[in-house]
Amino acid sequence: MRHPTSCSSVLLFILVLLFLSESWGQRLNTDNKKPSCDHCNQQLFCNCSHNGFTSVPSVTGSALSLDLSFNKITAVTNDDLTGHTQLKVLDLHGNGLAEIHPSAFDSLWSLKQLDLSYNQLTMLNYKWFSKLEALQQLNLLNNPYSYLGSPPVFGALVRLRKLALGGPSLKELRRGDLSGVTQLEELTVHANNLTSYDAGTLAHIWPLGHVTLSLHGPFLTNVTLAGAMIDDVSYPETPIILKDIHLIGVQSVQPFSKAAKRRIRYLTLHNVSVSDEAIVDFLVVLDGVPLTKLTIEDVTLTGEGWWEKASKTDHKSIDEFYICNLVILDVYKFTSLLQLGFLLEYPRRVSVINAKVFVMPCLTSHLLKNLQYLDLSDNLLTDLTLVETLCGTTQTLKDIRVLNFSGNALKSLSTVSRLVTKFSKLTHLDISRTGYSSMPSSCPWPSTLRFLNISGAKFTAITPCLPKTLEVLDLSNNNLKDFTLLLPVLRELYLSGNKFLRLPSGLSFPNLQTLTMQSNTLNMFGKTDLQSYQRLENLQAGQNKFVCSCDFVSFVQLELRGGGGIQLTDGADSYICDSPFYLQGQPVDQVRLSVVMCHQVLFVSVSCGLALFVAILLSVVLWRIHAFWYLKMIWAWLKTKRNSRQRQQHRNKADTEALISFDAFVSYSERDAGWVENFLVPELEEPSESSSPTGSTSNQPLTLCLHKRDFLPGQWIVDNIMNAIEHSRRTVFILSENFVQSDWCRYELDFSHFWLFDGHATGEAAILILLEPLSKDDVPKRFYKLRKLMSSTTYLEWPQEEEKREEFWRSLRNALRGNDN
């Protein structure tokens, strides 16, 4: 039997464990909570790069592109990407990624691009790619794997078209490593430290569009290995790029086998350091090779240009030399290349870009006998050295068609025009990004010139210096505000980056088809601005500060939908409202302006018409219900009421009694005038024969107010009625069918109604006489007080029997005198 204290201790211990486990569980849940990324645009491209994520964040399952580059994601688990079945692009480069679960990518059935470069993957697993049948681009560069692995990792990638692999740790490539890869548009292999290569490893990939090989180590230590790789990818239509190599001596150029020499057509050397000896040996190796284009980029030349030892080599097949970013260490010792006639007389295209060339001697220019294309852009040419380069007025470069001197320190447009006039076949001239600030009034040009680029200068005005033969003219990024020069055959005009306030007139360009006006100071443009352009098809006028008026918005929206005759080829995103303020920043194609703003004249016309119609209709209705008369009557009544109150404030009761002139005001229909004149007036106003001798007033005559007799002529009827009521003790209404149906009687009754029931008199001041049976329902409902009076007050009925009339008259006299009997 346990002691009770021991049981309590055990129970307490269990409770403590439960509490600790719950606390740790909550902490673990908090620590394991998956981060989220919501930086997705409308196209479902999610940019989650540079956010410091240590694990794959949760992103909307409908994302099409996911950029997770430059985070700190070291592992991808099996459920990190679950549900992303629509994802097409996944970028994980630059994360330090070291571990990927074998099934991490299994749900990415639609993935087309995958970038795993610049991570810490020490081995490649074929299971990663086993479900990625739609993958077209794969980048595995610069990971520390030393071999590709077995079984072949790319076997399931049947649609793969671009593959990049290798890095500083890659040591070997074995036959079969690329099994499953049958054709590629681009192949990049970084094998600077490769020590083992099986011949034929890359040979089965065909067609092969573009090959880049980084072979720094093999060129130095194992030329045979480098030659085997080059031989495997050498096809007549496949450009080959050799990167990160140093051509120092004879041994450096031996990797080109005889078979490779016969097949190479396009060769590029990138990031190359080369000596004079290596160049000579290189030219010797290429002797007779059917090479058509030789490209050298980012090259450092350690020699002085003494290459005449290769003068007996055959390079007739070379059609184009392209040299870019050339650094000559001893530039002041470098020769003029006059001994390279064997190399310069065949090419038709020569480009020497960003090589600090300040002059090409005229004698060297004479060596370029077949030259049709010369590009000396981004160098140090001046107007003076350009004269030497083009041999002044001396005939040279007779077949030249294209000249590019952009990015040089040229300042005189007249000098260039004078130098190129002699080139009878010149069609294209690029002198952009120079120091031109003014344009002479006239300039000589070859009649064949069709394309002229003078963008990026400092022109403020245009003169007739420009040739009339131009079909394409680029004057972008100047300081132009107007353009009125007639260019009859011009088809394309580029004026972006200037200061135009409006589109230039199309009358100067009858054949213009393309106009570019981006980044100017345009506020708006419309159909009227484009009517002068007879053949304009394409317009780019975005990236301006547009005032989004109704006409401009409707025009641009119509053109963006393709409803007009001109296409806005720079897209809807380029047209953004700058004003009014409430529309600032909104794309023009999404602006919705109100009818009130866009059709003010129509809106005002319709509104006025509608208001007029309503006013007329309301007037007719009000006229039909006599509302105007009522309003006029109310106004008169209020005016009279105010006057009456003012008078009452200045008189006492005796004065008020003295003001009374009539015993009763009689309101009756004109059709009942016979009864009033033949019965009422004689009975009440004439002295009765039965008058009491004692002086009783019951039968004495009364004074009646009749409109026919007592109203003042020329005075407004309302004033007469008000005066009559105000100067009478009582108001007698002679009610009948005639009274109710008479409009005038109704007006009179209505006005009397306002006076009698507004506190000036009580119900006793109104006496109702019914000449004929009449119910309260025959009285208009709007006179609800009168209807109520008929319901609550005894009224007199005109008797048809003679014997009852005496009683009627006595009751009426009593009512008029206020007697109760």
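Since we're looking at a predicted model, the values are computed, not measured.

Now for the side chain of Lys422. Along the chain, Lys422 turns up in the loop between α9 (413–420) and β20 (428–430). One buried charge, Lys422, has no salt-bridge partner; the nearest side chain with opposite charge is Glu388, at 10 Å. One polar contact links the side chain of Lys422 to the main-chain carbonyl oxygen of Thr394, over a distance of 2.6 Å. The residues touching Lys422, leaving out its near neighbours within four places in the chain, are Leu390, Cys391, Gly392, Thr393, Thr394, Gln395 and Thr396.

Looking now at the state of the cysteines. This structure, assessed with the given rule, holds 5 disulfides. Note on cysteine connectivity: Cys362 is disulfide-linked to Cys391, with sulfurs 2.0 Å apart. Here the S-S torsion is close to 115 degrees, and the disulfide linking Cys362 with Cys391 is therefore right-handed. Of this pair, Cys362 sits in helix α7 (residues 362–367) while Cys391 sits in the loop between α8 (383–389) and β19 (402–404), and the two are 29 residues apart along the sequence. Each sulfur of the disulfide joining Cys443 and Cys465 lies 1.9 Å from the other. Handedness of the Cys443-Cys465 disulfide follows from its S-S torsion of about -100 degrees: it is left-handed.

This paragraph deals with the packing of aromatic side chains. Within the structure shown, the criterion is met by 18 aromatic pairs. With a centroid separation of 5.3 Å and 65 degrees between ring planes, the pair formed by Phe483 and Phe509 is classed as edge-to-face. Placement of the pair is Phe483 in the loop between β22 (472–474) and β23 (492–494) and Phe509 in the loop between β23 and β24 (514–516), with a sequence separation of 26 residues. Among the residues examined, Phe509 registers a relative accessible area of 1% and is labelled buried.

Moving on to the pattern of salt bridges. What the rule picks out here adds up to 20 salt bridges. Linking Arg263 and Asp231 is a salt bridge whose minimum nitrogen-to-oxygen distance equals 3.1 Å. Here the residue Arg263 occupies a position in helix α4 (residues 258–263), and Asp231 occupies one in helix α3 (residues 223–232), the gap between them amounting to 32 residues. For Arg263, a relative accessible area of 25% corresponds to the partly exposed category. In this structure, Glu471 and Arg491 form a salt bridge, with 3.0 Å as the shortest nitrogen-oxygen distance. Residue Glu471 is located in the loop between β21 (451–453) and β22, and its partner Arg491 is located in the loop between β22 and β23; the two are separated by 20 residues in the primary sequence. Through salt bridges with shared partners, a single network forms among Glu172, Arg174 and Asp198.

The rules behind each value
For every chain, the first residue of the written sequence is number 1, and numbering continues from 1 onward in sequence order. Only residues with pLDDT of at least 70 are given local features in this predicted model, and only at 80 or more are side-chain atom pairs given and counted; all residues enter the totals for whole chains, interfaces and linings. With hydrogens and water stripped out, all remaining heavy atoms of the structure feed into the side-chain values. A run of H or I in DSSP counts as a helix once it spans at least four residues, and a run of E counts as a strand once it spans at least two, with each numbered from the N terminus. Think of it in three bands: with a 1.4 Å probe and only protein chains considered, a residue is buried below 20% of the maximum accessible area for its type, exposed above 50%, and partly exposed in between. When charges are tallied, Lys and Arg are placed among the positive residues and Asp and Glu among the negative ones, while His and the ends of the chain are skipped. What counts as a salt bridge is simple: a side-chain nitrogen of Lys or Arg found within 4 Å of a carboxyl oxygen of Asp or Glu. In protein, a polar contact means a hydrogen-donor-capable atom and an acceptor-capable atom, both N or O and within 3.5 Å, with residues adjacent in sequence counting only if both atoms are side-chain atoms; elsewhere, any N or O pair within 3.5 Å suffices. When checking whether two residues touch, look at their non-hydrogen atoms; a contact exists if any pair is within 4.5 Å. The disulfide definition used here is simple: a pair of cysteine sulfur atoms within 2.5 Å. Each aromatic pair joins two rings of Phe, Tyr and Trp (for Trp, the six-membered one) with centres within 6.5 Å, and gets the label stacked for planes under 30 degrees apart, edge-to-face for over 60, and tilted for any other angle.

Nothing here speaks to function; it is all geometry.
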